[in-house]
Amino acid sequence: MVDEGGADEPELTLARQSDRLVLAGDPHRYGHPLAVDFVAGRAAHRRRFGGGRGQLVARACGLAKGVTPSVVDATAGLGRDAFVLASLGAEVLMVERVAAIFALLEDGLARALADPETREIAARMHLVHGDAGRALSTLVASREVAPEVIHLDPMFPHREKSALVKKEMRLFRTLAGDDPDAPRLLEAALDVATHRVVVKRPRKAPPLEGPPPRHVIADKTSRYDLYVHRRLGA
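Here goes a summary of the coordinates provided. (Residues numbered from 1 in each chain as written. Predicted model: local features only at pLDDT ≥ 70, side-chain atom pairs only at ≥ 80, totals over all residues. Heavy atoms only, no water.)

**Concerning the overall build of the chain**
For clarity, the cut-off: Under the scheme used here, helices are H or I runs from DSSP no shorter than 4 residues and strands are E runs no shorter than 2 residues, and both carry numbers assigned from the N terminus. With a 1.4 Å probe rolled over the protein chains alone, any residue whose accessible area is under 20% of its type maximum counts as buried; one over 50% counts as exposed, and the rest are partly exposed. Between two residues, a contact is recorded if the distance between any of their heavy atoms is within 4.5 Å. Throughout, the Shrake-Rupley method with a 1.4 Å probe supplies accessible areas, and for residues the shown protein chains are the sole cover considered.
Along the backbone of the chain there are nine helices and nine strands. Per-residue burial over the chain gives 48% buried out of 234 residues. Taking all contacts inside the chain whose residues are at least 6 apart in sequence as the whole, residues at least 24 apart take part in 61%. Surface accessibility of the chain: about 12,000 Å² in total, with carbon and sulfur atoms responsible for 52%.

Right under this line is the structure:
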């Protein structure tokens, strides 16, 4: 059983289905069971056709010709951004605070390591369970990935039109909640990153409370706020 954080919420469960661990709830509310899959589906399509280092997350994290920084993804979630960065050659440390989501990541990573098409990518992905907002420096020190770039994707607060939220995101929110401590997470990241911190936001959302970003890059729906200590590759 998974503690979903409220007595009125439908029950969520972790279960083994076929070859993978899934998180499932009422299908009318949450849709299909949630799993982490780095081998097939969306991850495979993005690996083959995603646009390489021209992708927004790659540009934000400073992956350029001759420059491949190590990245700490301090809000790993389902690992999608981490997988893109690792597929482009970066060593990535994923930090996840929610135990059930960490279990999904661990399972997805194990399957990726066992598949010949993703084994090399998965070998660059490292996973640790902990709260980055409270112990980022300790979590990073426990692993071998240098924190040149720290990537943050804090959960954006609920909108009033919550019925429009995708079922997958509704399930994720039930476990993870919002990130009211995001400003503290930004502060911790700025203390630990050696080169830059990048914060993913909806395009029209305000920046996180704290120092203003030095640069902003965006596409039609999302943007990255960049907090730069020094130039990558220097």
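**Description of the sheet that holds strand β7 (residues 196-202)**
Definition in use: A pair of strands is considered paired only if DSSP assigns at least 2 bridges between the two. An axis is simply a line fitted to the C-alpha atoms; with a helix, the fit covers only the stretch in contact. Between two such axes, the angle follows the N-to-C directions and lies from 0 to 180 degrees.
Reading across from one edge, β5-β4-β3-β6-β7-β9-β8 is the order of the seven strands in this open sheet, with mixed pairing throughout. Edge positions in the open sheet fall to β5 (125-129) and β8 (215-218), since each of these has one partner strand only. Neighbour to neighbour, the strand axes of the sheet diverge by 20° on average, direction disregarded. Where strand β4 (residues 92-96) lies against β5, five bridges are found, and the strand directions are parallel.

**Quick look at the packing of aromatic side chains**
How we decide: Two rings belonging to Phe, Tyr or Trp (six-membered ring only in the last case) form a pair when the distance between their centres is within 6.5 Å. Interplanar angles under 30 degrees mark stacking, angles over 60 mark edge-to-face geometry, and anything in between is tilted.
Per the counting criterion, the structure on display carries one aromatic pair. On the basis of an interplanar angle of 10° and a centroid distance of 5.3 Å, the ring pair of Phe38 and Phe83 is categorised as stacked. Here Phe83 lies in helix α4 (residues 80-87) and Phe38 lies in the loop between α1 (27-30) and α2 (41-49), a separation of 45 residues in the sequence. Taken as a pair, Phe38 and Phe83 share a single burial class, namely buried.

**Let's talk about the environment of Arg124**
Residue position: Arg124 is located in the loop between α6 (119-122) and β5. In sequence terms Arg124 and Phe83 are 41 residues apart; their C-alpha atoms lie 9.0 Å from each other. The residues touching Arg124, leaving out its near neighbours within four places in the chain, are Ala86, Ser87, Gly89, Ala90, Glu91 and Val92.

**Section: the nonpolar core**
Here is the rule we go by: Working definition of a nonpolar core: buried Ala, Val, Leu, Ile, Met, Phe, Trp, Tyr and Cys residues. They are joined through side-chain atoms within 4.5 Å.
Counting 49 residues, the largest nonpolar core has Phe38, Leu85, Val92, Met94, Leu105, Met125 and Tyr224 as the members making the most contacts within it. For this core, the element with the highest residue contribution is helix α5 (residues 99-114), accounting for eight residues. In contact with Met94, other than residues within four places in its own chain, are Asp73, Ala76, Gly79, Ala82, Leu105, Leu109, Met125, His126, Leu127 and Val128. Listed in part, the 24 residues of the second largest apolar core include Leu139, Val140, Leu152 and Leu190.

**Quick look at α4**
Most of α4 is tucked away: six of the eight residues are buried. For α4, the full list of buried residues reads Asp81, Ala82, Phe83, Val84, Leu85 and Ala86. A positive backbone phi angle near 105° is found at Gly89, which sits one or two residues after α4.

**Some thoughts on the pattern of salt bridges**
Inclusion rule: Any Lys or Arg side-chain nitrogen located within 4 Å of an Asp or Glu carboxyl oxygen qualifies as a salt bridge.
Scanning the model with the defined rule gives ten salt bridges in all. With a shortest N-O distance of 3.5 Å, Asp81 and Lys200 are connected by a salt bridge. In this pair, Asp81 sits in helix α4 while Lys200 sits in strand β7, placing the two residues 119 residues apart along the sequence. Since its relative accessible area comes to 11%, Asp81 is described here as buried. Residue classification places Lys200 among the partly exposed positions, given a relative accessible area of 23%. As a salt-bridge pair, Asp131 and Arg134 come within 3.4 Å of each other at their nearest N and O atoms. With a relative accessible area of 24%, Asp131 lands in the partly exposed category.

**Thoughts on α5**
Let me state the cut-off plainly: To estimate the expected span of a helix, subtract one from its residue number and multiply by 1.5 Å.
Taking 1.5 Å of rise per residue, the 16 residues of α5 would be expected to cover 22 Å, and the 23 Å separating its terminal C-alpha atoms lies within 8% of that figure. Within α5 the residues assigned to the buried category are Ala100, Ile101, Phe102, Ala103, Leu104, Leu105, Asp107, Gly108, Leu109, Arg111 and Ala112.

**Quick notes on the environment of Lys65**
If you trace the backbone, Lys65 turns up in the loop between α3 (56-60) and β3 (71-73). Separated by twelve residues in sequence, Lys65 and Arg53 place their C-alpha atoms 8.6 Å apart.

**A short note on the side chain of Arg111**
Stated formally: In protein, a polar contact means a hydrogen-donor-capable atom and an acceptor-capable atom, both N or O and within 3.5 Å, with residues adjacent in sequence counting only if both atoms are side-chain atoms; elsewhere, any N or O pair within 3.5 Å suffices.
Summarising the element assignment, Arg111 is placed in helix α5. A distance of 3.0 Å separates the side chain of Arg111 from the side chain of Asp107, its partner in a polar contact. Ignoring anything within four residues of it in the chain, the contact list for Arg111 reads Asp19, Arg20, Val36, Asp37 and Val39.

Any functional reading would require information beyond the geometric quantities listed.
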